[in-house]
Amino acid sequence: MLQLLRKIAFPISLVYAAVVYLRNFLFDMGILSSKSYRTPTICVGNLSVGGTGKTPMTEYVLRLLSNHRVAVLSRGYKRKSTGFHLAGPKSTVLDLGDEPYQIHQKFPEVAIAVDADRRNGIEQLERLVQPEIIVLDDAFQHRKVQPTFSILLTTYQQPYVDDWYLPTGNLRDGKKEAKRADVIVVTKCPDGMANSDKNRLIAKLNPKGHQKVLFATFKYRDFVFDGREGRIPLSRLKKEKFALVTGIASPGPLVQFLRALGLDFEHFEFGDHHHFTDKEIERFSNRGLILTTEKDFVRLQGKVENLFYLGVAHSFSAEDEAFLTDAVRALL
């Protein structure tokens, strides 16, 4: 039914594509201006509406910069606060949004801020924090800021060159805008990806001379965590049926990973960034162990008993990891 509705909406996608094209044209011609800043900025983003692994990539970059004074600026999608908000000890998931709050919990030493106005957010961070470098989370389409370095993500399963504009497809920006990226990272690649497969994808993406294409796989942890000190080996979940609760754009890889382990679970699937109601929580709260993603965990914590999350991170080949490490650290 959803696919049928998407096809019916094709004329709307043409209008959307025209608006996106005009907006980018105005920026390209200098009619709309992009501003750069004295503080180096790294943009992590994509051309689609989600599911490429932006938050794990932001965390990956933060680990590369662990010895430096770093700030992260995000929009804070679906947060309840407005304007600029700098995370503090009393900040909640409602103040920051799920992804920035997740990063705030894992990297308390990093200044985390949210602001829909990226220019104002950067200026506030420069005034209040004086970071050595700012990571712009999900900012590729925010052209009012000219980043120092851009990392564009796309998935192995659906590279942007095979996609179409909203609402028929998942693209929120033009395919040709990929030319603005310094690095293109193909995420969620299969383990042991052959060089021939990589070369096929590189040819399809057709990168510009200044661009490097990297390949990353999703690596799930061997344990599930309760957000405190408790953790359970994944292997122990084979002994019981549990509930998997997801409110992310693309739960498919996680479901496939758990199925491949032979685990028995019921999947409760919700939309990306979903705020769970009491009635929805009642549906799965009595299913024994509740497993969710790290992003969903911060929205469910304190509302569900026996709640655990499974961590995930990007993994690169030694060569690609060295390239990305050198490129990021060269900005300082």
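Refer to the preceding data block for the structure.
Cut-offs used in this document
Along each chain, the written sequence defines residue order, and numbers are assigned to residues from 1. This being a predicted model, a pLDDT of at least 70 is required before a residue's local features are given, and a value of 80 or more before pairs of side-chain atoms are given or counted; all residues contribute to the totals for chains, interfaces and linings. Only hydrogens and water are set aside; all other atoms, that is, all heavy atoms of the structure, feed into the side-chain values. Helix and strand definitions follow DSSP, with helices as H or I runs of at least four residues and strands as E runs of at least two, each counted in order from the N terminus. Each residue is placed in one exposure class: buried if its accessible area under a 1.4 Å probe, protein chains only, is under 20% of its type's maximum, exposed if it is over 50%, and partly exposed if it falls in between. When checking whether two residues touch, look at their non-hydrogen atoms; a contact exists if any pair is within 4.5 Å. To be clear on the numbers: accessible area is Shrake-Rupley with a 1.4 Å probe, and residue cover counts the displayed protein chains and nothing else. In this tally, Lys and Arg are treated as positive and Asp and Glu as negative; His is ignored, and so are the chain termini. Charge coordinates come from a single atom per side chain, which is NZ of Lys, CZ of Arg, CG of Asp or CD of Glu. Cavity and pocket criteria rest on a 1 Å grid covering protein atoms alone: a 1.4 Å probe that fits but cannot get out defines a cavity, protein on both sides within 12 Å along at least 5 of 7 lines defines an open pocket, and an atom within 4 Å of a point defines a lining residue. Grid points are joined across faces, edges and corners, and a volume is the space filled by probe spheres set on the points. Note: two strands are recorded as paired if DSSP finds a minimum of 2 bridges between them. Handedness of a crossover is defined as follows: orient the strands so they point away from the viewer, and if the path from the first strand over the helix to the second runs clockwise, the crossover is right-handed.

Chemist: Tell me about the overall build of the protein chain, residues and numbers included.
Modeler: Per the secondary structure count, the protein chain includes 11 helices and 13 strands. Taken across its 332 residues, the protein chain has 52% of its residues classed as buried. Partitioning the contacts of the protein chain with sequence separation of at least 6, the portion at a separation of at least 24 is 73%. Surface exposure of the protein chain reaches about 16,200 Å², of which carbon and sulfur atoms provide 52%. When the 46 basic and 38 acidic side-chain charges of the protein chain are each reduced to a single mean position, those positions are 3 Å apart.

Chemist: How would you explain the layout of surface pockets if you had to name every residue and give the values?
Modeler: By volume, the second largest pocket amounts to about 240 Å³. At the level of elements, helix 5 (98-106) and helix 10 (294-300) are the ones that each hand at least two residues to the lining of the second largest pocket.

Chemist: For the pairing of strand 12 (residues 290-293), give the residues involved together with the corresponding values.
Modeler: Alternating residues of strand 12 divide into Ile290 and Thr292 and Leu291 and Thr293, and every residue in both groups is buried. Across three bridges, strand 10 (residues 242-246) lies against strand 12 in parallel orientation. Across the sheet, Val245 pairs through a bridge with Thr292, a residue of strand 12. Pairing between strand 12 and strand 13 (residues 307-316): four bridges, direction parallel. Residue pairing for strand 13: Thr293 is matched across the bridge by Leu310. Following the backbone out of strand 12, through helix 10 and into the adjacent parallel strand 13, one traces a crossover that is right-handed.

Chemist: Tell me what's going on with the pairing of strand 8 (residues 212-225), and back it up with residues and numbers.
Modeler: The sheet contact formed by strand 7 (residues 183-187) and strand 8 spans four bridges and is parallel. What sits directly across from Val186, in strand 8, is Phe215. Here strand 8 runs beside strand 13; their pairing, made up of seven bridges, is antiparallel. Opposite Phe218, over in strand 13, you have His314 as the bridge partner. Examined bridge by bridge, strand 8 and strand 9 (residues 231-233) share three bridges and lie antiparallel to one another. Residue Phe225 lies in a different strand from strand 9, and its bridge partner there is Arg231. Following strand 8, the chain reverses through five residues before pairing antiparallel with strand 9; Gly227 in that reversal takes a positive phi of roughly 85 degrees.

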